[in-house]
Each structure stands twice: as structure tokens, then as C-alpha cells.
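A closer look at the structure
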Amino acid sequence: MLKSNTVKKTSGLLAVLLIMSILTPVLAFAATWVKDFQYDKNTGNVTATVYSDVYDSTYGSVNLAVYAPNGTELLSLDKAAYDGFGSVSGSTYWYYTFSGNVTANVYDYLNLKATYNNVTGATYCAGSCPSGGGGTGGGGGTGGGGTTNPSTELTSNGTISADVLKAALASNLNVTIKLTGDTIIIPVAALVDAASKAGATITVVNENGTYALPLSVLDLTDLTELKLTIKKVTGDDATAVADAVSEAGAEALSDAVEFVLVGITKDGKTIEINDFGQTYVKRKMPLNKEATKTPTVAMFDPATGKLTFVPGKVSGKEAQFMRTGNSIYVVVETSNSFGDITGHWAKANIELLASKFIVEGTAADIFEPDRNITRAEFAALVTRSLGLTATATSATYFTDVKGNEWYTGVVGAAKAAGLVDGYEDGSFKPNAQITREELAAMVVRALKFAGQDTTVSATEQASLLSKFTDADQIVWAQNEIASAIKAGIVDGMTDTTIAPNENATRAQSATMLKRLLTNTGFIE
């Protein structure tokens with residue numbers, strides 16, 4: 001027999017929104033349960049149905065509160081009358097259907113509570129909930145699967161609320177801001193707490209590109225705002241880039257795009273932020289057309305008017321790339337070769353790196369693959385492979401690099417990055433031919449700079465070197481050579497010899513660098 005609408009309240013607790021896995025049956029708590037909850041992040045729509053064995057107009061409405069991940073109340077919904085009833089296992093239940101909206105594309109998940117007669121039920125999580133989070137309701141349900149650190153999407157026309165951004169970062173390691181326009185002003189107050197969290201990142205996306213900014217690289221001291229710009233290059237700068245592309249014998253696949261990050265101090269001064277140390281900041285750019293030759297992302301250097309290699313991959317009509325600084329970038333394609341590498345065992349590797357602006361010929365149409373390479377030449381190749389800028393002065397590093405040679409900048413950049421060492425007398429010997437032992441050591445240091453694990457245990461080292469009869473000729477780089485062998489970068493000269501003291505050739509250098517770039521994911 002159904003209960004009358006005038007029956008007084010017989011139960012104090014109204015259970016609320018419960019998100020369960022699609023494999024989990026509906027649960028009842030005392031004489032209440034919840035089903036049919038949905039949260040659509042794209043529209044911001046929130047709906048839910050709450051069942052109870054109690055209906056009593058005397059005690060007023062059922063309240064449903066919706067909270068952001070940081071605890072800010074977003075909605076407070078009330079219903080005084082039930083929408084229907086039904087019988088379950090001989091008992092009658094009334095149901096209340098709620099519907100409301102939060103701002104679209106802001107929150108990946110929401111927390112909810114319901115209150116009846118001043119008695120509040122448990123808190124539940126809905127949407128892409130953190131694993132194991134969200135109170136009794138736990139992880140994902142109709143709103144989507146649970147993740148440990150769900151990303152949050154915000155929108156901006158150039159500014160963003162410090163409170164909104166701070167709230168998003170409080171519950172999410174990765175926050176994406178969809179930007180209308182070229183520039184966004186980011187309040188530093190929203191970043192301070194999140195900057196101490198490993199992996200915290202703000203990704204800004206507009207029609208020109210994508211910039212994933214790891215907060216750990218920022219020194220926020222004395223800053224009030226960050227100004228991030230992603231814009232197409234126009235005017236004289238665009239002409240200069242087009243000239244550089246033409247001079248390189250390449251064809252542009254994209255517009256030239258400039259990425260700029262500036263800090264604004266408390267007294268209104270601006271500080272360009274253009275050095276992220278050993279942290280590679282990831283970016284994306286759209287292409288106007290797909291490649292038919294060897295594609296590469298290139299940095300345009302206004303000081304030299306030339307293009308240089310940037311670590312990255314091109315797929316379809318998008319380029320993904322990374323670098324430790326900011327600049328102007330353009331995606332190009334080209335196909336370079338040399339007349340003297342026809343039939344050479346390293347031909348494919350040389351052509352690939354030449355088309356990516358890493359290796360160069362010694363003259364027009366001449367590469368000299370079997371000529372020995374100097375220490376300075378290889379330092380230049382390594383710094384180019386890592387996308388480093390040859391601007392550091394090496395005059396304070398080595399006694400024989402004075403500051404006016406062609407290799408001054410690359411040797412200085414390599415030293416600053418920990419890629420090269422000098423000799424006990426303080427010299428670098430830039431024009432000395434590099435040995436395979438020295439080359440292997442530089443490559444392994446480059447691997448480490450790029451974030452790869454180069455660790456080799458004593459047992460592994462002994463095992464890796466044991467098959468080479470001349471391993472005892474390694475002077476000092478036993479660990480580095482073993483690590484290079486383990487990474488697949490260095491091979492023996494034969495099945496049983498490693499030839500550590502032989503001078504390395506230009507072809508060998510190109511081959512090791514190609515393996516380095518593949519190992520680190522810096523090329524396709």
C-alpha cells in the first residue's frame with residue numbers, strides 16, 4: 001500500500017548523488033539511493049535523480065549543492081515536490097530530479113552533497129574523478145573514467161581570473177587555457193602554490209600553436225604577472241624568415257610563429273624569460289600542408305638570419321617540438337645530399353641530418369664522410385642536435401678558446417650544458433681529432449641532458465665490455481662507452497673490437513647522432 005503525501009518524516013537521512021562504475025549495481029543506503037547522474041563538461045550541464053522512501057512537504061525541500069574540486073560552491077538547487085514514485089522490493093520510493101549548469105569547459109569533475117531536514121548526506125564525486133577520491137561515491141561513472149590528476153580546461157580572451165586558475169591548479173596538475181587572440185596575461189598569485197608541485201603545467205592553446213609551460217622552470221620572485229604570446233610573424237620578420245628558408249633550399253610547411261614569455265615585476269618592469277636550463281618546454285604548431293620530403297621544425301635566429309634544428313616530430317598537419325628557450329619557429333621540408341656519399345654505408349644518416357640542418361658539407365656537394373672530425377666540430381654537432389643556442393662565451397672555460405673563433409659559441413654552450421670537458425692543463429684542444437672514446441662520452445652526456453637514464457651498473461658495464469678484446473684500451477670512459485652500447489648508440493668496429501682510441505670519422509659521428517636523436521624521440 002502506498003504511503004500518503006501527508007505522512008510525517010520517518011527517516012532522517014536523504015542519500016545523495018552516487019557515481020558508480022558501470023559494472024557496479026545501484027546501491028541502497030538505508031532506504032535511499034541515487035541513479036541517473038550525469039555531468040557534461042562540454043556544456044556544464046549537471047543532472048541527477050535522488051530516490052527516497054520519504055516525502056514530506058512539512059519539512060521543505062531537498063537541497064543539492066554542487067562544488068568545484070577546490071570546495072567552492074557552484075550551485076545550490078532545491079526541490080520541494082517529488083517528480084514521481086515507484087515500488088522497489090515492496091517499499092515505495094519518491095524521486096527528485098535535479099538539473100543545473102556550471103560554466104562549460106572548466107571542471108573535469110564535481111563534488112556534490114544533498115541535504116534534507118538539515119541532515120547532509122555523503123559527498124560524491126562525478127566526472128573524471130581522481131582515483132579513489134570523491135567521498136563514498138569514489139571514482140568514475142557516467143561522467144567518465146577516473147584519473148589521478150585530471151586536466152582542467154579554461155577559456156580566456158586575454159585575461160584570466162586568479163581565483164579561477166588557482167582553484168583549477170589546486171586540484172589538477174595540468175590546466176589547459178584555450179585562448180582567443182595572441183596574448184594572455186597570467187596572474188602569478190594563481191601559480192605560487194602549484195609551482196611547488198612536480199609536473200604542474202599550464203598549457204595555452206590558440207589558433208597559432210600550443211605552449212605547455214611547466215611551472216617548475218619559473219622563478220616567480222618579485223613577479224606579479226606572466227605575459228605569454230603565441231603569434232604569427234608578420235612584416236619584416238616574416239620576410240627575413242622566408243629569405244632564410246629560401247637560402248636553406250627548403251620549403252615552408254607552416255607560417256612562422258613566435259613564442260614569447262615575459263615576466264612583469266611589481267614595479268611594472270618586464271623581464272624576458274628565455275632560458276629554461278635543462279627543461280625542454282613542449283610546443284605545437286599547425287601546418288598548412290603535409291610534407292613530401294624530410295620535414296623538420298627549425299628555429300629562426302634573427303642575429304644570423306639562419307635556420308637551426310629544433311627537436312621535434314612532424315605528423316600529418318601538426319608539428320610537436322621542444323626546446324629550452326623561446327624564439328621564432330617554422331616547419332620546413334628539404335632533401336639534402338652530397339656527391340661523395342653515393343654508395344657509402346652512412347648515406348641515409350648523413351642525408352637525414354643534413355636535411356635537418358645538423359650536419360653540413362665541407363664544400364659545395366662535398367661531405368667527406370671518412371675524414372676525421374675535430375673536438376670542436378663534434379661539439380657543434382651535439383649542441384645543434386639538442387637545439388641549444390651557441391651564444392655562451394667559452395673564454396672563461398678553456399685557455400685555448402679565446403672568444404673569436406667560429407667554435408667559441410658552440411664549445412661554450414656544450415660546456416655550460418655539461419657535454420664537454422677540458423684537459424688538466426685547462427685547455428680544450430678544439431682542433432684535435434676526437435677519439436671514439438671521447439665521442440661516446442659526449443653522446444652519453446647529451447642523452448642525460450635530454451632526460452634519458454644513462455645509468456649502468458658495475459655488473460652491466462663488465463658484461464657489455466667483455467665481448468671486446470680491446471676494452472682494456474679504454475683510458476677513462478668505461479662507464480660512458482658501456483652506457484652508449486646499452487643505448488644502442490655505439491657499435492664495435494668489429495664483433496670483437498671497440499677501437500676506443502681510434503679517431504672518429506664524420507660518418508661515424510653522423511650515425512651516432514642519428515641514433516641519439518632517435519633514442520631521445522627528438523626526430524621521427
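Residues numbered from 1 in each chain as written. Predicted model: local features only at pLDDT ≥ 70, side-chain atom pairs only at ≥ 80, totals over all residues. Heavy atoms only, no water.

**A word on the overall build of the protein**
Spelled out, the test is: In DSSP terms, a helix is any run of H or I states spanning at least four residues, a strand is any run of E spanning at least two, and both are numbered starting from the N terminus. Relative accessible area decides the class of each residue, using a 1.4 Å probe on protein chains only: under 20% of the type maximum gives buried, over 50% gives exposed, and in between gives partly exposed. Contacts: residue pairs with any heavy atoms within 4.5 Å of one another. Using the Shrake-Rupley algorithm and a 1.4 Å probe, accessible areas are obtained, with residue cover drawn only from the displayed protein chains.
In terms of helices and strands, the protein carries nine helices and 24 strands. Split into buried and exposed, the 524 residues of the protein put 50% on the buried side. Considering only contacts in the protein between residues 6 or more positions apart, those separated by 24 or more positions represent 67%. Accessible surface computed for the protein: about 23,200 Å², of which carbon and sulfur atoms make up 48%.

**Description of the packing of aromatic side chains**
Quick reminder of the rule: Classification of ring pairs rests on two measures: the distance between centres of Phe, Tyr or Trp rings, Trp counted by its six-membered ring, which must be within 6.5 Å, and the angle between planes, read as stacked under 30 degrees, edge-to-face over 60 and tilted in between. Charge-over-ring placement is defined geometrically: NZ (Lys) or CZ (Arg) within 6 Å of the ring centre, and within 35 degrees of the ring normal.
Applying the stated criterion across every chain yields a total of 10 aromatic pairs. Ring geometry for Phe-259 against Tyr-329: centres 5.8 Å apart, planes inclined by 65°, an arrangement best described as edge-to-face. A residue pair is termed long-range when its members are at least 10 positions apart, and Phe-259 in strand β17 (residues 257–265) and Tyr-329 in strand β24 (residues 328–334) qualify at 70 residues. Judged on exposure class, the residue Phe-259 and its partner Tyr-329 are both buried. Here Tyr-329 falls in the buried class, since its relative accessible area comes to 0%. Joined through ring pairs, the aromatic side chains of Tyr-211, Phe-259, Phe-321 and Tyr-329 make up one cluster. The positively charged end of Arg-375 is found above the aromatic ring belonging to Phe-428, 4.3 Å away from the centroid.

**Brief notes about the sheet that holds strand β10 (residues 152–156)**
Backbone hydrogen bonds hold the strands of a sheet together, and the pairing may be parallel or antiparallel. Heads up, the rule is: Pairing between two strands requires that DSSP report at least two bridges joining them. Axis geometry follows a simple rule: fit a line to the C-alpha atoms, using only the stretch in contact for helices, then measure angles between N-to-C directions, giving values from 0 to 180 degrees.
With mixed pairing, seven strands are arranged side by side in an open sheet as β10-β11-β13-β14-β19-β23-β22. Both outer strands of the open sheet, β10 and β22 (312–315), are each paired with one neighbouring strand and no more. Mean inter-strand twist for the sheet, computed between neighbouring axes without regard to direction, equals 15°. Bridging between β10 and strand β11 (residues 174–179) involves five bridges; their strand directions are parallel. Residue pairing across strands places Leu-154 opposite Ile-177, the latter belonging to β11.

**A word on the packing of helix α7 (residues 458–465) against helix α8 (residues 478–486)**
Two numbers describe a pair of packed helices, the interaxial angle and the distance between the axes. Note the following rule: Note on terminology: angles under 35 degrees are roughly parallel, angles over 145 are roughly antiparallel, angles of 65 to 115 are roughly perpendicular, and the others are oblique. Under the convention adopted here, Pro, Cys and the residues Ala, Val, Leu, Ile, Met, Phe, Trp and Tyr are nonpolar, Asp, Glu, Lys and Arg are charged, and Gly plus all remaining residues are polar.
Orientation of α7 relative to α8, taken along the N-to-C sense of each, is 75°, at an axis distance of 9 Å. By the angle between their axes, α7 is roughly perpendicular relative to α8. Of the residues in α8, those touching α7 at Glu-460, Gln-461, Leu-464 and Leu-465 are Gln-478, Asn-479, Ile-481, Ala-482, Ile-485 and Lys-486. Here the residues of the contact of α7 with α8 are counted per class, giving five nonpolar, three polar and two charged.

**Side note on the pairing of strand β21 (residues 306–310)**
Where strand β20 (residues 294–301) and β21 come together, five bridges link them in antiparallel fashion. Along β21, the bridge assignment pairs Val-297 with Val-310.

**A word on the environment of Gly-277**
Considering the arrangement of structural elements, one finds Gly-277 in the loop between β18 (270–272) and β19 (281–286). On the basis of relative accessibility, which here comes to 40%, the residue Gly-277 falls in the partly exposed class. Remark: the alpha-carbon pair of Gly-277 and Ala-416, spanning 139 residues in sequence, is separated by 9.7 Å. Those residues in contact with Gly-277 that lie beyond four places of it in its chain are Thr-324 and Phe-449.

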